[in-house]
Amino acid sequence: MLKKIKQSIWDLPVRLLHWLLVATITAAWISSHRTGSAHEYIGYGAGMIVLLRLLWGFTGNRYARFRQFVRPAPLTLQYLREVVQGHAARYLGHNPLGGWMVIALLSCVGLLVVSGWLTTTDLLWGYAWPVLLHTTIAWALIGLIALHISGVLFTSWQHHENLIAAMLTGKKAPAGDDDIE
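This part takes up the overall build of the protein chain. Each helix and strand counted, the protein chain has seven helices and two strands in total. Going from the N terminus to the C terminus, the protein chain shows its helices and strands as β-α-α-α-α-α-α-α-β. Here the analysis covers contacts within the protein chain between residues at least 6 apart in sequence; of these, 70% occur between residues at least 24 apart. Summing over all exposed atoms, the protein chain offers an accessible surface of approximately 11,300 Å²; the carbon and sulfur share of this is 71%. Of the charged side chains in the protein chain, 14 are positive and 9 negative; the average position of the first set lies 5 Å away from that of the second.

And the structure:
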């Protein structure tokens, strides 16, 4: 039996930062209703992860770079139409919707960190709106995460490819004739 040769796509920094962000967001959610400074420190950790991913998005390998996977709006809308019609191309790296999801998630976590920090400042201490803003952004992040997981599962099903395993190993099947690198 021939073994399928897999191609390295997502390097260790991308995978490590992805799963560290999953862990910090989970820990932040769990610690959000507890007293103490753990939630605050976890938030700062998430902020550091976002900053490192932004840096890696400009200096990392081909598939880590934003310029490789953040596609123009018209191409992304065309891809969305193809997904709905059931004949979207397989992308070796992030597909156009996945690329924009990366931007949305990183932006949302960044805003969450900033809004959380604002709640700790002397200037805004005691005001309700920074807490309301932080809570609203947190719920928006939960919605984005649900959409992200749904997209990963749908794309895995559509292309008969385990994207969760690919984000663990960094490897995917090489591009076929109709795939986009």
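In total, this model carries five aromatic pairs according to the counting rule given. The interplanar angle of 75 degrees and the centroid separation of 5.3 Å between the aromatic rings of F58 and F66 together place this pair among those described as edge-to-face. A residue is classified by how much of its surface remains accessible, and F58, at 59% relative accessible area, is exposed. Here F154 and W157 contribute two aromatic rings whose centre-to-centre distance is 5.6 Å and whose plane-to-plane angle is 45 degrees, an arrangement assigned as tilted. With F154 and W157 both in helix α6 (residues 129–159) and three residues apart, this pair spans about one turn of that helix. F154 sits in the partly exposed class, given a relative accessible area of 34%. A network of ring pairs unites the aromatic residues F58, F66 and F69 as a single cluster.

About the thresholds
- Residues numbered from 1 in each chain as written.
- Predicted model: local features only at pLDDT ≥ 70, side-chain atom pairs only at ≥ 80, totals over all residues.
- Heavy atoms only, no water.
- Helix = DSSP H or I, 4+ residues; strand = E, 2+ residues; numbered from the N terminus.
- Contact = heavy atoms within 4.5 Å.
- Areas by Shrake-Rupley, 256 points an atom, 1.4 Å probe, with all protein chains shown as cover.
- Lys, Arg positive; Asp, Glu negative; His and termini not counted.
- Charge placed at Lys NZ, Arg CZ, Asp CG, Glu CD.
- Phe/Tyr/Trp six-rings, centres within 6.5 Å; stacked < 30°, edge-to-face > 60°.
- Buried < 20%, exposed > 50% of the residue type's maximum accessible area, 1.4 Å probe, protein only.

Keep in mind that these numbers describe shape and distance, not what the molecule does.
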